[in-house]
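# Working through the structure, step by step
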Amino acid sequence: MADMSLVVVGAAGRMGRMLVRTIHQTPGARLAGAVEAPGSSVLGQDAGTLAGIGPLGIAITDDALDLFAKADGVVDFTTPVATRAYAAMAATSGIVHVVGTTGLSSDDLDALKQAAKKTVIVQEGNMSLGVNLLAALVKKAASILGSEFDIEIVEMHHRMKVDAPSGTALMLGEAAADGRGVSLESHAIDHRHGMTGARPDGHIGFASLRGGTVIGEHSAIFAGNGERLVLSHIAEDRALFAAGAVRAALWAKGKTPGFYGMDDVLDLKNF
């Protein structure tokens, strides 16, 4: 079977360069193109050279649609606005679209789901295999332990991160809420200050820490009477997000058009 040909959009960014390296190093995958925004200073440069692995003979271009027409899939860690445009192009071209873009709104997700009627879209806020398994474990633990255990989600990231709680923390909170059969929106506590009173029963708390160069650490704490269960994930290298995205792309090749997540890729829905 021929290697899956993949286009990287946002190829000059930190994740874009990692994706170029990861695709080049992954059996069964082949870099078919690299895209940057019109006017970018890197247009025309070799994608491999920019990614630090030497020339690959693939020049960075701003013509995404032309590349999509010749490829099997696109991997996208860009911005919500760009992702919506790429989703429409992927649907037109009928190619797999793997989306690791963060900060997507409900309207953005609706747009992706609309595009997924015509092609395969795999979207996840965190492409780490370990984080997605952690979410499944959190959901299972929440369903088994019950409301007598208090749930706290604790996350830490580098000093430059601008949002809190992190998307992954919210993902874990959603998993806990799903496990209990409740809405996270009505059960979340994302800030505490001053005289807060006793902790309400059944709520899911969040704490966000920022400092240094921490890539990402997440823990789900289940605190009961006389015991605690702590489920944790520590990201040590951002390359793990690229590896998960490329694995998702390879999984998606040949699938029926639809909107998928990493729980589909890892077969975790019935975990």
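As shown above, the structure is provided for reference.
Residues numbered from 1 in each chain as written. Predicted model: local features only at pLDDT ≥ 70, side-chain atom pairs only at ≥ 80, totals over all residues. Heavy atoms only, no water.

### Overview of the sheet that holds strand 5 (residues 96–99)
Taken in spatial order, the 7 strands make up an open sheet running 3-2-1-4-5-6-12, and their pairing is parallel. In this open sheet, the two strands that pair with only one neighbour each are strand 3 (60–61) and strand 12 (258–260). Each of strand 1 (4–9), strand 2 (29–35) and strand 4 (73–76) touches helix 1 (residues 14–25); the most contacted strand, strand 1, lies at about 165 degrees to it. Packing against the sheet, helix 5 (residues 106–115) makes contact with strand 5, strand 6 (120–123) and strand 12, and its axis sits at approximately 150 degrees to strand 6. (Pairing = 2+ DSSP bridges. Helix = DSSP H or I, 4+ residues; strand = E, 2+ residues; numbered from the N terminus. Contact = heavy atoms within 4.5 Å. Axes fitted to C-alpha atoms, helices over the stretch in contact; angles between N-to-C directions.)

### What to know about the packing of helix 1 against helix 9 (residues 239–252)
Packing of helix 1 against helix 9 brings their axes to within 9 Å, and their N-to-C directions diverge by 55 degrees. Taken as axis vectors, helix 1 and helix 9 run oblique relative to one another. Note on packing geometry: the crossing formed by helix 1 with helix 9 is right-handed. Between helix 1, through Met15, Met18, Leu19, Thr22 and Ile23, and helix 9, the contact on the second element is made entirely by Ala239, Phe241, Ala242, Ala243, Ala245 and Val246. A breakdown of the residues in the contact of helix 1 with helix 9 according to their chemical character gives 10 nonpolar, 1 polar and no charged. (Parallel < 35°, antiparallel > 145°, perpendicular 65-115°, else oblique. Left-handed = near helix turned anticlockwise from the far one by under 90°. Nonpolar A, V, L, I, M, F, W, Y, C, P; charged D, E, K, R; others polar.)

None of this, on its own, says anything about what the molecule does.
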